[in-house]
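Chains, contacts and geometry: an overview
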Amino acid sequence: MGMTITEKILEAHTDKKDLKPGDIIKVSVDVALANDITAPIAIKEFEKGGFRSVFDPGKIIFVLDHFTPNKDIASAMQCKLVRDFARKYEIKNCFEGGAVGVEHALLPEKGLVLPGDLVIGADSHTCTYGGLGAFATGVGSTDLAAVMITGQTWLKVPETMKFIFGGILQPWVGGKDLILYLIGDIGVDGGLYKALEIGGPAIEALDVSGRLTMANMAIEAGAKAGIIAADSITEAYVKPRAVRPYTLYASDGNAVYTTLREYDCANIEPQVACPHLPENTKGISEVGEIMLDQVVIGSCTNGRIEDLRIAAVVMQGKKVANGLRCIILPATPAIFLEAEHEGLIKIFLESGAIIGPPTCGPCLGGHMGILAEGERALSTTNRNFVGRMGHPKSEVYLAGPAVAAASAITGKISSPTEVIQ
Amino acid sequence: MILRGRAFVFGNDIDTDAIIPARYLNTSDPEELKQYCMVDVDPSFPFRVKRGDIIIAGKNFGCGSSREHAPIAIKASGVCCVIAGSFARIFFRNSFNMGLPVFESAEAASSIKEGDMVEVDTDRGIIREITTGKEFKARPIPPFMQELIADGGLMEHIKKHGSM
């Protein structure tokens, strides 16, 4: 029987052979990741259990990106706890201060996660690395503590759903629009417990940034992982960065899928997910007139240089609408620096946007852009749940960077074609 | 073990931001977290919930973030178990690791009403609506997860076996 990429990666990380969906397996982990919200609980569990060593300090990564720069004393205490633990156990990859970036943008950029890896992260968007052809999934803090101790975790081999995107992308359509379209099709639990394998000609032509965006939101369909086969585009990205060897996997021609869905990109216009679920998607032409108080461009979903370039093209020489706050957060220091070199930061500042440091901050209503009662935002982030970015009576719409930038200029949800010819 | 409590009924796709909003995640102290449990869906929940009460919800309960603060907040607020049509996978794992019993039954979730008294036989996986006497069978817990429960949770399992 043929195997999927997911099954092949899992098999390479366990003693069991001939894996099939539903099998419970114990797997060795290549990278164990946590952040300033999830690591403290993992560390407390570790210490409560009286454990004295971690399995491999080189395979543990902490990224203090959520409530940093520390938003209050309690957040500062959480970061201190993680920092002290990292020093004690010689965990070198503890990113904070000027080294910190949004974790799922930072790790691929640093070559710390690679094709064929098995990555376990105490953060639900760990599934992002599926965009590089890794098997990556989110867990809670106690599961992560167990990985820090043993180097292993247990998993149920997931069934795989296959999605094929054919045709050529329409103008202003990117990875975000494709994944929103997919989630709109199958729903927020349409991929529950499953691996979503995404491919087809349009994906083969998509850059790594767009692929990471797509895999990032697999969790928004309830999936365990999103995965895109690594190819020459992946290798061109990974090769100069990789800190160790890696393996490219492809699914067999006779691999077994529970579902096969095909989409024609000719029919996919820029997408917007309306409150309060990522599945409430509409094409931009169907959204209607929705006035906005805030636009956020950033996050692990759409805070990479490619996203900022698109936003800059739309915003160049134009002003952010009166009364609207446009917050742009380059996802990592390297992205920020590159945006500066390319003149994008100047374009944003001249347009009246606010530039913030790399942080998850506003995406989860943490800090640096919280919504008041009755306010409405459009964001390039990944969740629009009730209260996600602030007051429980605020609203969040999700879109890609092109729609976000255009909306910042007009003050209402807009297609880029409304501001640029 | 027999659990018995009053039902608080919620809808579909209750996400972890609803269970415990991220703005309160600058702590992991259960006593603090329980003050904000479910507030964005029902601001009165932390004041009305009593020890032993049961949360009933529709499909995909606990979707969204991986935050373990969600089952911590539910458990600390006194809720003895959650019965839902289905659970998001990270929340499902976290609940076991936190010692919060969770039961999957779409029939129970759609039949039980707010305020009903509900009884759960955790060993047999039987959910009973006391007022009507209706019984529902919860989906069985996978054998490996039962082993974890028998060992007293994931961390105890590791201590006992020296490995995963």
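As the structure is a prediction and not an experimental result, all values here were calculated from the model. (Residues numbered from 1 in each chain as written. Chains lettered and ligands numbered in written order. Predicted model: local features only at pLDDT ≥ 70, side-chain atom pairs only at ≥ 80, totals over all residues.)

**Section: the domain arrangement of chain A**
Residues and elements named next belong to chain A. Here is the rule we go by: Where each domain begins and ends is defined by an automated method or by a domain database. Note that contacts rest on C-beta atoms placed from the backbone: two residues are in contact if these are within 7 Å. Numbering of helices and strands starts at the N terminus; helices are DSSP runs of H or I of at least 4 residues and strands are runs of E of at least 2. Residue type decides the class: Asp, Glu, Lys and Arg count as charged, Ala, Val, Leu, Ile, Met, Phe, Trp, Tyr, Cys and Pro as nonpolar, and the leftover types, Gly among them, as polar.
Considered domain by domain, chain A is made up of domain 1 (5-263) and domain 2 (271-418). The distance between the C-alpha centroids of domain 1 and domain 2 comes to 24 Å. Counting residues at the interface gives 34 residues for domain 1, matched by 32 residues for domain 2. Broken down by secondary-structure element, the contributors of at least two residues to the side of domain 1 that touches domain 2 are helix 4 (103-109), helix 6 (175-186) and helix 8 (208-216). The greatest single-element share of the side of domain 1 that touches domain 2, amounting to 6 residues, is contributed by helix 6. Classifying every residue of the side of domain 1 that touches domain 2 gives 13 nonpolar, 13 polar and 8 charged.

**Comments concerning the sheet that holds strand 2 (residues 31-35) of chain A**
Residue and element names in this part refer to chain A. So the rule is basically this: Pairing between two strands is assigned when DSSP locates at least 2 bridges connecting them. All axes are obtained by fitting lines to C-alpha atoms, using only the stretch in contact for helices, and the reported angles, taken between N-to-C directions, cover 0 to 180 degrees.
With respect to topology, 5 strands assemble into an open sheet ordered 4-3-2-5-6, the strand pairing being parallel. One side of each edge strand has no neighbouring strand; the edge strands of this open sheet are strand 4 (94-95) and strand 6 (135-138). The pairing of strand 2 with strand 5 (residues 118-122) spans 4 bridges and is parallel. Across the sheet, Val31 pairs through a bridge with Val119, a residue of strand 5. Along the sheet, helix 2 (residues 39-48) contacts strand 2, strand 3 (60-63) and strand 5; its crossing angle with strand 2, the most-contacted strand, is approximately 115°.

**Observations concerning the environment of Asn93 of chain A**
All names here are of chain A. To keep it simple, the criterion reads: Partly exposed residues are those falling between the two cut-offs: more than 12 but fewer than 20 other C-beta atoms within 10 Å of their own, whereas 20 or more means buried and 12 or fewer means exposed, with C-beta atoms placed from the backbone.
In this fold, Asn93 is placed in the loop between helix 3 (73-88) and strand 4. In this structure Asn93 comes out as buried when scored by C-beta crowding, with 20 C-beta atoms within 10 Å. Separated by 30 residues in the primary sequence, Asn93 and Val63 have C-alpha atoms spaced 8.0 Å apart. Excluding residues that lie within four positions of it along the chain, Asn93 makes contacts with Ile61 and Leu112.

**As for the interface of chain B and chain A**
Each partner contributes to the interface: chain B provides 35 residues, whereas chain A provides 46 residues. Those elements that place two or more of their residues in the side of chain B that touches chain A are helix 1 (16-19), helix 5 (89-98) and helix 8 (154-161) of chain B. Broken down by element, the side of chain B that touches chain A gets its largest block of residues, 5 residues, from helix 5 of chain B. Of the residues belonging to the side of chain B that touches chain A, the class tally is 13 nonpolar, 11 polar and 11 charged.

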